[in-house]
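# Structural characterization, general
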Amino acid sequence: MTGAARMAALGVSLDGGGWFTALALGVTFLKCLLIPTYHSTDFEVHRNWLAITHSLPISQWYYESTSEWTLDYPPFFAWFEYALSHVAKYFDEEMLKVHNLNYFNSRTLFFQRFSVIFTDGLFVYAVHECCKCVDGKRATKELTEKPKFILSVLLLWNFGLLIVDHIHFQYNGFLFGLMLLSIARLFQKRHMEGAFLFATLLHFKHIYLYVAPAYGVYLLRSYCFMSNKPGKSASTVFPTLSFQERPLPCILGSKLLGSLQCFGQSAVHHRLLSVEKAGDASIFLILTTTGHYSLFPLLFTAPELPIKILLMLLFTIYSISSLKTLFRKQKALLNWTETLYLLGLVPLEVCCEFLFPFTSWKLRYPFIPLFLTSGYCAVGITYAWFRLYRSVLIGPSVSKTKKH
């Protein structure tokens, strides 16, 4: 087979969907490489929850207080830990003893890290389902310029999820997977499934409760009251969550950026921006870049410094370049003020990570880097949300936009 023929065969394979599998496997390999990195106290939190649910009767799960990290998530997450504990016992039963506080060894590390990677399978499936909801009818033969491909990269390789789940240590990917799958089902007109998945999510983590009013309004209008009337779409009620009518879906989420200040949990919880409007893509770039940088203080150890900088640079460069390509026939995505603001993150990082540690203020005012980071990022995140609300409340309606 000639080189040209091999390339043609590869192109057919990728267009057939093999590219999504390649993206998913690639990010999974990256997650495996991050296994030895720093982990936060959340690692011990979840080990303790494994021990509680495995060793004690149900009646004591929410009353056990040997560790300061008591079980404080809703019942479904407790059962989730219980299920994981029955796999953990084959790795090391000592990790499942309540009185083994701060227990740690290589087997415990591998089990807990791989439990996050394995349960991320739900997130991968949810991303695949979300891609089906994206309007891919763009005049381009290049795979890398297709909205579905760009969306898949921005979700599967999301910088925030990578460092929060696979370095810091949490299970946000699994939870965001439930959220994304629920939204995908709504766009597929499978309302009961979407409602069920969201209700299930609330029983895993109550912080998603703030999204409930939007779900209630949408289901009342598009399902309960309008179930017999055709032509209603999710974007009628969820303009900022629309895939086909409003910028490129991305998820950053409320929990990640919320703790950050924003993952307001980040992006996930989820602002899905579509690939139809350059203005929304602009908002996405500001919110994503600022929100991701606000996660930097979570990783404060020296070995992780080059990792977080490199991963964020790669994700940010890809986000900007891919969206610029997608909207190359329109005006610049960022004006000069927004560009200067984002570039300001560079001197802020130099000041906080490389200069401040060598000053006399390090011992007297150790909070200054966090204060500067929080304040600077808060400005960008607030600005992005104001722009988003302005776009939703006073921007042209979806129907008018499509007519043009």
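In the block above lies the structure referred to throughout.
The rules behind each value
- Residues numbered from 1 in each chain as written.
- Predicted model: local features only at pLDDT ≥ 70, side-chain atom pairs only at ≥ 80, totals over all residues.
- Heavy atoms only, no water.
- Helix = DSSP H or I, 4+ residues; strand = E, 2+ residues; numbered from the N terminus.
- Axes fitted to C-alpha atoms, helices over the stretch in contact; angles between N-to-C directions.
- Left-handed = near helix turned anticlockwise from the far one by under 90°.
- Contact = heavy atoms within 4.5 Å.
- Nonpolar A, V, L, I, M, F, W, Y, C, P; charged D, E, K, R; others polar.
- Expected span 1.5 Å × (residues − 1).
- Salt bridge = Lys/Arg side-chain N within 4 Å of Asp/Glu carboxyl O.
- Patch = residues over 30% accessible without salt bridge, like charges linked within 9 Å, V, L, I, M, F, W, Y side chains within 5 Å.
- Areas by Shrake-Rupley, 256 points an atom, 1.4 Å probe, with all protein chains shown as cover.
- Buried < 20%, exposed > 50% of the residue type's maximum accessible area, 1.4 Å probe, protein only.
- Core = buried A, V, L, I, M, F, W, Y, C linked by side-chain atoms within 4.5 Å.
- Polar contact = N/O pair within 3.5 Å; in protein donor to acceptor, adjacent residues only side chain to side chain.

### Let's talk about the environment of Tyr223
Relative to the helices and strands, Tyr223 is located in helix α10 (residues 212-224). In this structure the C-alpha to C-alpha distance between Tyr223 and Arg190, which are 33 residues apart in sequence, comes to 9.7 Å.

### Quick word on the packing of helix α14 (residues 336-343) against helix α17 (residues 368-394)
In contact at an axis separation of 11 Å, α14 and α17 are set at 145 degrees when each is read in the N-to-C sense. In this structure, α14 meets α17 at a crossing whose hand is left-handed. Contacts between α14 and α17 involve Glu338, Leu340 and Tyr341 from the first element and Tyr376, Cys377, Val379, Gly380, Tyr383 and Arg387 from the second. Partitioned by chemical class, the residues of the contact of α14 with α17 number six nonpolar, one polar and two charged.

### Side note on helix α9 (residues 191-202)
Here α9 is twelve residues long and its end C-alpha atoms lie 17 Å apart, about the 16 Å a rise of 1.5 Å per residue gives. The elements touched by buried residues of α9 are α3 (75-88), α8 (172-187) and α10.

### Notes on the pattern of salt bridges
Summed over the entire model, instances satisfying the criterion amount to eleven salt bridges. Residue Lys132 is joined to Glu129 by a salt bridge in which the shortest nitrogen-to-oxygen separation is 2.9 Å. Two residues, Glu193 and Arg185, come together in a salt bridge whose shortest N-O distance is 3.2 Å. One salt-bridge network, held together by shared partners, links Glu129, Lys132, Arg185, Arg190 and Glu193.

### Some words on a nonpolar patch on the surface
Nonpolar side chains collect at one region of the surface, where Val346, Val350, Phe354 and Leu355 lie side by side and expose about 350 Å² of accessible area between them. Within the secondary structure layout, Phe354 lies in helix α15 (residues 345-355). Looking at Phe354, the relative accessible area reads 40%, which means it is partly exposed.

### A look at the nonpolar core
Phe123, Val127, Leu156 and Met179 are the most contacted members of the largest nonpolar core, which totals 65 residues. Of the residues forming this core, the biggest block, eleven residues, is contributed by α8. Apart from the residues lying within four places of it in its own chain, the contact partners of Leu156 are Phe20, Leu23, Ala24, Val27, Phe123, Val124 and Val127. In terms of nonpolar packing, the next biggest core, distinct from the first, is built from 40 residues, Leu299, Leu323, Leu342 and Cys377 among them.

### Digging into helix α4 (residues 106-119)
For α4, spanning 14 residues, the distance from its first C-alpha to its last is 20 Å, which sits close to the expected 20 Å at 1.5 Å a residue. Buried residues of α4: Thr108, Leu109, Phe111, Gln112, Arg113, Ser115, Val116, Ile117 and Thr119, and no others.

### Focus: the environment of Ser40
Looking at where Ser40 falls in the secondary structure, it is placed in the loop between α1 (3-33) and α2 (42-55). The class of Ser40 is buried, set by a relative accessible area of 8%. In this structure, the C-alpha to C-alpha distance between Ser40 and Gln170, residues 130 residues apart in sequence, is 9.3 Å. Apart from the residues lying within four places of it in its own chain, the contact partners of Ser40 are Ile167, His168 and Phe169. Engagement of the side chain of Ser40 in a polar contact is seen with the backbone oxygen of His168, the distance being 2.8 Å.

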